[in-house]
Amino acid sequence: QVQVVESGGGLVQPGGSLRLSCAASGRILSINAMGWYRQGPGIQRELVAAAGSGGSTSYADSVKGRFTIYRDNARNTVYLQMDSLKVEDTAVYYCNVQGAAVAGTFGRQNAWGQGTQVTVSS
């Protein structure tokens, strides 16, 4: 199965910046979309940003103008550059892979990473 690993979380002050990385591994031929979700205590996981294979991007209203998502398709990697961080951005951030074509298999697969903690605090 496709494996997804996030990194880059940590503790930052309000107004600071952080870059999250997500790498998908396996015998992957292509991925339709990669994105970032976040989840706080007792709160349903919500979409933060997503990137399609052709360069399209989408963002939650709460992060527009502050976060940037971009992909390195050759390395099956997606990044989330987070600037002007706010306390309310504190959450576990999860990387999501949608529509991964895997060599030797039919169809496409979806996968989740294990999550990385982002804490914004003064």
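Residues numbered from 1 in each chain as written. Predicted model: local features only at pLDDT ≥ 70, side-chain atom pairs only at ≥ 80, totals over all residues. Heavy atoms only, no water.

**Q** Please clarify how the pairing of strand β5 (residues 46-52) should be interpreted in this entry.
**A** Two faces, one strand: in a regular strand the side chains alternate between the faces of the sheet. For β5, the buried fraction is high: five of the seven residues fall into the buried class. Relative to β5, strand β4 (residues 28-39) runs antiparallel, the two sharing six bridges. Bridging from a neighbouring strand, Tyr37 pairs with Leu47 of β5. Count of turn residues in the β4/β5 antiparallel hairpin: six residues, of which Gly42 carries a positive phi of about 70°. Pairing analysis gives three bridges linking β5 to strand β6 (residues 57-59), with the strands arranged antiparallel. The residue of β6 that forms the bridge with Ala49 is Tyr59. Once β5 ends, the chain turns through four residues before running back antiparallel as β6, passing Gly55 with a positive phi of about 105°. (Buried < 20%, exposed > 50% of the residue type's maximum accessible area, 1.4 Å probe, protein only. Helix = DSSP H or I, 4+ residues; strand = E, 2+ residues; numbered from the N terminus. Pairing = 2+ DSSP bridges.)

**Q** Teacher, can you tell me more about the environment of Ile31 here?
**A** Structurally, Ile31 is set in strand β4. Along the chain, Ile31 and Ser53 lie 22 residues apart, while their C-alpha atoms are 6.7 Å from each other. Discounting residues that sit within four places of it in the chain, Ile31 has contacts with Ala24, Ser53, Arg71, Asn76, Val97, Gln98, Gly99 and Ala100. (Contact = heavy atoms within 4.5 Å.)

**Q** Which parts of the structure should I look at to understand the pattern of salt bridges?
**A** A side chain of one charge can pair with a side chain of the opposite charge when the charged atoms of the two come close. Scanning the model with the defined rule gives four salt bridges in all. The residue Asp89 makes a salt bridge to Arg66 at a minimum N-O spacing of 2.7 Å. Of the two residues, Asp89 sits in the loop between β8 (77-82) and β9 (91-102) while Arg66 sits in the loop between β6 and β7 (67-72), which places them 23 residues apart along the sequence. Each of Arg38, Glu46, Arg66 and Asp89 takes part in salt bridges that share partners, so that together they form one network. (Salt bridge = Lys/Arg side-chain N within 4 Å of Asp/Glu carboxyl O.)

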